[in-house]
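Spelled out from the first residue to the last, the chains are:
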Amino acid sequence: MESYLVRVLAKKRGIRGIACLTTGVVEEVAQRLDASPAARAALGYGLTAAALLGALLKVQQHVAVKFEGDGPLGKMIVESDNYGHLRGYVAQPSIALAPPFTANDVAAIIGQHGTLTVVKDLKVKDLYRSVVPLQTGRPDTDLTYYLMMSEQVPSVVEIGAPIDAQGVLRAAGGLLLQLLPDGDLVALQQMAERLDDLPPVGEMLADGETPQGVLDALFSGQDYETLETHPLRFRCTCSRERSRQALKLLDSSEIEELLSRGEAVIDCHFCRERYVFDRHDLLTILDEIRTES
């Protein structure tokens, strides 16, 4: 299923809206991780959260979000950029819980006690990093809290990724409404109330509604324009060369230890790609380390 994002702006009210369908990306990531239905549900929420935050970035910027609660999932890390490239992984992809799974179930899977960490690479000297306590374990509620407390921007976030009794992901996606500087806060509150009157966004998407249709329902009666529609795709930034550079950061004694084992193996948490460096590779790296030191 195609995954994509729509961004709109009601200029007179000073409110932007972002809605996305992420089912295809979530399925690809879940398959790569061999994720159980419970972990798949959590990834549906997490990857959608990353997509929504990524849509707020400028060109070449990047965001990573870590949910770390006291639930059986352990931690979940999801990443996005302004181009709609997504990736993510969970510490425990094989959680053996019986579906179906709703938003409250996902909160229990993640856990209600822990932290939400947001790290942004804004292409400046230092990374932006913010940590807030989890409020509910629901990524959309906790993301709303983060935006209000850390970025001090009135926002409304709703995400859905319903899993049916057979363990099938019916749909994944979500929306973000955000007040711009000097925007109409009352109008945003009215839109939040309108959202409460609609079916959950995950159910709307599962029933065939589009992200644009969700935004149309919320911005009804307002003058707004669609700024962009772009695809969302899985993309992992790992490579053999990146893995090789990671090995070069080791001390020569550590490379010698790897040589005694015969090889070095580096597995990517995000895509499960495996990079194997044999004795010849390690000897070359060891020679480079000694030459450069």
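Residues numbered from 1 in each chain as written. Predicted model: local features only at pLDDT ≥ 70, side-chain atom pairs only at ≥ 80, totals over all residues. Heavy atoms only, no water.

Focus on the pattern of salt bridges
Move 1: This structure, assessed with the given rule, holds 18 salt bridges.
Move 2: Note that Lys248 and Glu292 form a salt bridge whose closest N and O atoms lie 3.0 Å from each other. Taken as a pair, Lys248 in helix α8 (residues 240–248) and Glu292 in helix α10 (residues 279–292) lie far apart in primary sequence, 44 residues in all.
Move 3: One network of salt bridges, with partners in common, ties together Arg244, Lys248, Glu288 and Glu292. (Salt bridge = Lys/Arg side-chain N within 4 Å of Asp/Glu carboxyl O. Helix = DSSP H or I, 4+ residues; strand = E, 2+ residues; numbered from the N terminus.)

Section: the packing of aromatic side chains
Move 1: All told, the structure shown has two aromatic pairs when counted by the stated rule.
Move 2: Ring centres of Tyr89 and Phe270 lie 5.0 Å apart, and the angle between their planes is 90°; on these two criteria the pair is classed as edge-to-face. Residue Tyr89 is found in strand β5 (residues 85–90), and its partner Phe270 is found in the loop between β12 (264–267) and β13 (274–277); the two are separated by 181 residues along the sequence. In this pair, the class of Tyr89 matches that of Phe270, namely buried.
Move 3: When the centroid spacing of 5.1 Å and the interplanar angle of 40° are considered together, the rings of Phe219 and Tyr224 count as tilted.
Move 4: Taking relative accessible area as the criterion, Tyr224 reaches 21% and is therefore assigned partly exposed. (Phe/Tyr/Trp six-rings, centres within 6.5 Å; stacked < 30°, edge-to-face > 60°. Buried < 20%, exposed > 50% of the residue type's maximum accessible area, 1.4 Å probe, protein only.)

Side note on helix α2 (residues 37–54)
Move 1: Helix length check: α2, at 18 residues, gives a terminal C-alpha distance of 25 Å against a target of 26 Å (1.5 Å per residue), a fit within 8%.
Move 2: Buried residues dominate α2, accounting for 17 of its 18 residues. (Expected span 1.5 Å × (residues − 1).)

With respect to the packing of α8 against α10
Move 1: Between α8 and α10, the shortest axis-to-axis distance is 10 Å and the interhelical angle comes to 55°. Overall, the two elements α8 and α10 adopt an arrangement that is oblique. Considering only the axes of α8 and α10, their crossing is right-handed. Contact with α8, carried on its side by Arg240, Arg244, Leu247 and Lys248, involves Asp281, Leu282, Thr284, Ile285, Glu288, Ile289 and Glu292 of α10 and no other residues of that element. (Axes fitted to C-alpha atoms, helices over the stretch in contact; angles between N-to-C directions. Parallel < 35°, antiparallel > 145°, perpendicular 65-115°, else oblique. Left-handed = near helix turned anticlockwise from the far one by under 90°. Contact = heavy atoms within 4.5 Å.)

Here we look at the state of the cysteines
Move 1: For the structure shown, the criterion picks out zero disulfides.
Move 2: Distance from the sulfur of Cys268, which forms no disulfide, to the nearest cysteine sulfur (Cys236) is 3.5 Å.
Move 3: Classification of Cys268 by relative accessible area gives buried; the value is 11%. (Disulfide = S-S within 2.5 Å.)

Let's talk about the sheet that holds strand β2 (residues 15–21)
What holds strands together in a sheet is hydrogen bonding between their backbones, with the strands either parallel or antiparallel.
Move 1: Strand order in the open sheet made by the five strands is β8-β9-β2-β1-β10, with antiparallel pairing throughout. In this open sheet, the two strands that pair with only one neighbour each are β8 (155–160) and β10 (225–231). Direction aside, the axes of adjacent strands within the sheet are offset by 10° on average.
Move 2: Both strand β1 (residues 4–10) and β2 contribute to a ladder of seven bridges, which runs antiparallel. Within β2, the position partnered with Tyr4 by the bridge is Leu21.
Move 3: Packing against the sheet, α2 makes contact with β1, β2, β8 and β9 (173–179), and its axis sits at approximately 145° to β8. (Pairing = 2+ DSSP bridges.)

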